[in-house]
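# Chain and residue survey
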Amino acid sequence: MSKILCHPEDKSICTFISKGSRCICGSNCFHYRDVNGVIAGYCNACGRLRGYPTRKPDGLWITKED
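In what follows, the accompanying structure is described. Keep in mind the model is a prediction, meaning the values are calculated, not measured.

Summing up its helical and strand segments, the protein has zero helices and six strands in all. Ordered by position from the N terminus, the helices and strands of the protein form the series β-β-β-β-β-β. Here the C-alpha radius of gyration of the protein, 11 Å, is about what a compact globule of 66 residues would show, namely 11 Å. Taken along its principal axes, the extent of the C-alpha atoms in the protein is 25 × 25 × 25 Å. Taken across its 66 residues, the protein has 33% of its residues classed as buried. Taking as baseline every contact in the protein between residues at least 6 positions apart, the subset at least 24 positions apart corresponds to 38%. Counting only carbon and sulfur atoms, one obtains 51% of the accessible surface of the protein, whose full area is about 4500 Å².

Residues Val38, Leu49 and Tyr52 make up a contiguous nonpolar surface patch of roughly 310 Å² in combined accessible area. Within the secondary structure, tyrosine 52 is located in the loop between β5 (49–51) and β6 (60–64). Taking the relative accessible area as the measure of exposure, tyrosine 52 reaches 55% and is therefore exposed.

Before going further, it helps to examine unusual backbone geometry. Of note in this structure, lysine 11 is not a glycine but carries a positive phi near 60 degrees. Here lysine 11 is to be found in the loop between β1 (2–6) and β2 (16–17). In this structure, asparagine 36 is a non-glycine residue whose phi angle is positive, near 55 degrees. On the secondary structure map, asparagine 36 appears in the loop between β3 (29–35) and β4 (38–43).

What counts and how
- Residues numbered from 1 in each chain as written.
- Predicted model: local features only at pLDDT ≥ 70, side-chain atom pairs only at ≥ 80, totals over all residues.
- Heavy atoms only, no water.
- Helix = DSSP H or I, 4+ residues; strand = E, 2+ residues; numbered from the N terminus.
- Rg over C-alpha atoms; globule rule 2.2 N^0.38 Å.
- Buried < 20%, exposed > 50% of the residue type's maximum accessible area, 1.4 Å probe, protein only.
- Contact = heavy atoms within 4.5 Å.
- Areas by Shrake-Rupley, 256 points an atom, 1.4 Å probe, with all protein chains shown as cover.
- Patch = residues over 30% accessible without salt bridge, like charges linked within 9 Å, V, L, I, M, F, W, Y side chains within 5 Å.
- Salt bridge = Lys/Arg side-chain N within 4 Å of Asp/Glu carboxyl O.

What follows is the structure in structure tokens.
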């Protein structure tokens, strides 16, 4: 199980758009996921690891089934 960063108002997943880089699938949209205490950005389209934030993003972290 992992935790996904969500909007506190409606619990929808926070999606970010990267202006400078794209995933190898072509998408520039990603979300943050916390897996066993390691926070990383994942592609919304294919789920590939995109990178790691320099600080823990603030917000509501909701546990999701993997």
